[in-house]
Amino acid sequence: MSARQLFYRHRPRLTTVTRPSRSAPRLMARFSRTEAKSSSFSTGTATVSFTAGLASAALVCWFALSRNQQQTPGPAKSSSISEGKAGGIPDLNKLGLSDKIAYSPLPTPDGVTRQLNEHAFSQSAGGPKLVARYDGTQLASNSPCEDALVHGSFSNPFSSQEENWVSWGVFDGHCGWQLSDLLTKQLIPYVRRALSDAKPTDGSHLDEEAVQKAVKSGFTTLDDAIVKSAVATIESNLSFAEKARRLEAAYAGSCALLALLDPASRNLTVASTGDCRAVMGRRTADGRWIATELSTDCTGANPSEAARIRALFPDEPDVVKGGRVWGMQPSRTFGDGMWKWPAKLKEYLRNEYNGLSLPSAARYSGYREGPYLTAEPLVTTTRIPDSEPSFLILATDGLWDMMTSEQAVDLVGRWIEWQAQGGDKPVVPTTSDFGPTVLGRKQQCRYEEQKATLQDGNAAVHLVRNGLGGGDEEMVKGAMAFRYPNSRDIRDDITVQVVFFAPSEKR
């Protein structure tokens, strides 16, 4: 989501910048000034001559030693100088004399499948019986990828006698990858600590409202530790490098979607900041799959979010404009200190600690103090159906840019039925004539039902492939042929996890 902080969802392009005219710096200016100053002394010429003689002798000695080092074996030393075979310099003759450009090879169908599965995983059994299996995958568009994910189980926060809880999270970073990566390590510990602190002393269970409150506390406490610690960081005795490393997480930002499953109660708690999305699929008695969104997209385009922010800043009529909060698309995020810190602190960080110049003061002249964004999540609680087959899809907006919640649930529902039939024979579209392949401003990656295909053993990979073009192999290969930064114009980083729940009678 690297373009989210920009004005449009496109990669950065070269911009002509006009700067004040300055004369070109003179090469070796310091040496010129030194020589001019030395000429005022009567011994200047002799001194320069003697120094030049020493320098000349040193150069001769260095070249001699360098030649000897190349010829004489010795202890290995760290060096950035690459050596060719037998200690010689690389032979460029092997590049030949051809006037034909050798481009990178195109992705083949097998190569596409390998790339889609490069970060794929499936986990079944070994955990709570309520969870039959879960699949996941990630496909980068940015380099490095700004998405991240986490999954696993942890001890029941309220009773050591009951089953472990299970959690899945997806994180969509922007302005860098640093914060989404940090969340994979820090968010669950903060949430677990908040749940533990909320544990009733009388041994009773926490109700849904109390669990949601604790989860919110875990989110906001972590964000405060990241963002509000900036002043203490710069005033500390830490080295500059250590301060910079601590600040970079707050310069970056990330949306977060975290799902927590309590197998004992079958309660699924979903907390969301930003525009990652959780969707539950359930099969009805007549065999249809229905989709239920368990999270709300928290962006400036959401009317309720826009109204909330405008109410907080009534004297700033342009605070939400074009679906963005002073240029930022998500309205709830981790990090993004430049949308949360006071003006003086931001200016100091920009001058002294390489702080981001976003949001642009030139474009958003009405920007004042804030904080305009919050990490407090919207939280829902849903009970997993007892008898109906059901599943959960968690994904960053890279998937939701390509398909609707209903389309994703329908695709997974088809995949389940295909797997039940053996899943060994691919299902492809009835036609291969899809017309010319077009990707760009006219058309970005998008799921089309007539191109739907079933050929992947991983449900998350199945969703990603169909979002890129499904059974239209030329479209999928074209989408994969574009690499960063060009790929950002047609698709975002995509991270997906699909969790399958077992009906209670099968437990």
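Residues numbered from 1 in each chain as written. Predicted model: local features only at pLDDT ≥ 70, side-chain atom pairs only at ≥ 80, totals over all residues. Heavy atoms only, no water.

Glancing now at the overall build of the chain. Looking only at helices and strands, the chain features 13 helices and 14 strands. Here the chain holds 507 residues, and the buried ones make up 44% of them. Element-wise, carbon and sulfur atoms account for 52% of the exposed surface of the chain, whose accessible area totals about 28200 Å². (Helix = DSSP H or I, 4+ residues; strand = E, 2+ residues; numbered from the N terminus. Buried < 20%, exposed > 50% of the residue type's maximum accessible area, 1.4 Å probe, protein only. Areas by Shrake-Rupley, 256 points an atom, 1.4 Å probe, with all protein chains shown as cover.)

Moving on to the pattern of salt bridges. As a working rule, side chains carrying opposite charge can pair if their charged atoms are close by. Per the counting criterion, the structure on display carries 20 salt bridges. Residues Glu293 and Arg277 are paired through a salt bridge, measuring 3.8 Å at the closest nitrogen-oxygen approach. Highlighted residues: Glu293 in strand S8 (residues 289–293) and Arg277 in strand S7 (residues 277–283), separated in sequence by 16 residues. On the accessibility criterion, Arg277 (11% relative accessible area) is buried. As a salt-bridge pair, Arg383 and Asp386 come within 2.9 Å of each other at their nearest N and O atoms. (Salt bridge = Lys/Arg side-chain N within 4 Å of Asp/Glu carboxyl O.)

The next thing to look at is the environment of Lys340. Within the fold, Lys340 resides in the loop between strand S11 (334–335) and helix H9 (343–352). Residues Lys340 and Lys228, spaced 112 residues apart in sequence, show a C-alpha to C-alpha distance of 8.9 Å. What Lys340 contacts, discounting residues up to four positions off in sequence, is Asp223, Val227, Thr333, Phe334, Gly335, Tyr367, Pro371, Leu373, Thr374 and Ala375. Polar contacts involving the side chain of Lys340 include one to the main-chain carbonyl oxygen of Thr333, which spans 2.9 Å. (Contact = heavy atoms within 4.5 Å. Polar contact = N/O pair within 3.5 Å; in protein donor to acceptor, adjacent residues only side chain to side chain.)

Here we take up the sheet that holds strand S14 (residues 494–501). Overall, antiparallel pairing links the six strands, which are arranged S1-S2-S14-S13-S7-S8 in an open sheet. Only two strands of the sheet have a single neighbouring strand rather than two, namely strand S1 (121–124) and S8. When strand polarity is set aside, the average angle formed by the axes of neighbouring strands in this sheet is 15°. (Pairing = 2+ DSSP bridges. Axes fitted to C-alpha atoms, helices over the stretch in contact; angles between N-to-C directions.)

Moving on to the packing of aromatic side chains. Enumeration over the complete set of coordinates arrives at 16 aromatic pairs. Measuring from centroid to centroid gives 5.9 Å for Trp326 and Tyr364, while their planes differ by 70°, and the two rings are edge-to-face. Of this pair, Trp326 sits in the loop between strand S10 (324–325) and S11 while Tyr364 sits in the loop between H9 and strand S12 (378–383), and the two are 38 residues apart along the sequence. Each member of the pair, Trp326 as well as Tyr364, carries the same accessibility label: buried. Linked through ring pairs, Phe313, Trp326, Tyr364, Tyr367 and Tyr372 together constitute an aromatic cluster. (Phe/Tyr/Trp six-rings, centres within 6.5 Å; stacked < 30°, edge-to-face > 60°.)

Moving on, we come to the packing of helix H3 (residues 109–116) against helix H12 (residues 459–468). The geometry of H3 relative to H12 is characterised by a closest axis approach of 10 Å and an angle of 130° between their N-to-C directions. By the angle class used here, H3 and H12 are oblique. For the pair H3 and H12, the crossing hand works out as right-handed. Residues Val112, Thr113 and Leu116 of H3 form the contact with H12, whose participating residues are Val461, Val464, Arg465 and Leu468. Residue classes in the contact of H3 with H12 are distributed as five nonpolar, one polar and one charged. (Parallel < 35°, antiparallel > 145°, perpendicular 65-115°, else oblique. Left-handed = near helix turned anticlockwise from the far one by under 90°. Nonpolar A, V, L, I, M, F, W, Y, C, P; charged D, E, K, R; others polar.)

With respect to the helices and strands, Arg332 occurs in the loop between S10 and S11. Residue classification places Arg332 among the buried positions, given a relative accessible area of 7%. Each C-alpha atom, one on Arg332 and one on Gly300, is 9.4 Å from the other, the two residues being 32 residues apart in sequence. With sequence-adjacent residues up to four places away left out, Arg332 is seen in contact with Thr273, Gly274, Cys298, Glu305, Arg308, Thr374, Glu376, Pro377 and Leu378. For Arg332, the side chain forms a polar contact with the main-chain oxygen of Glu376, separated by 2.7 Å.

This brings us to the side chain of Thr233. Following the sequence through the fold, Thr233 ends up in helix H6 (residues 230–234). Classification of Thr233 as buried rests on a relative accessible area of 8%. For Thr233, the contacting residues outside a window of four places in its chain are Lys243, Arg246 and Leu247.

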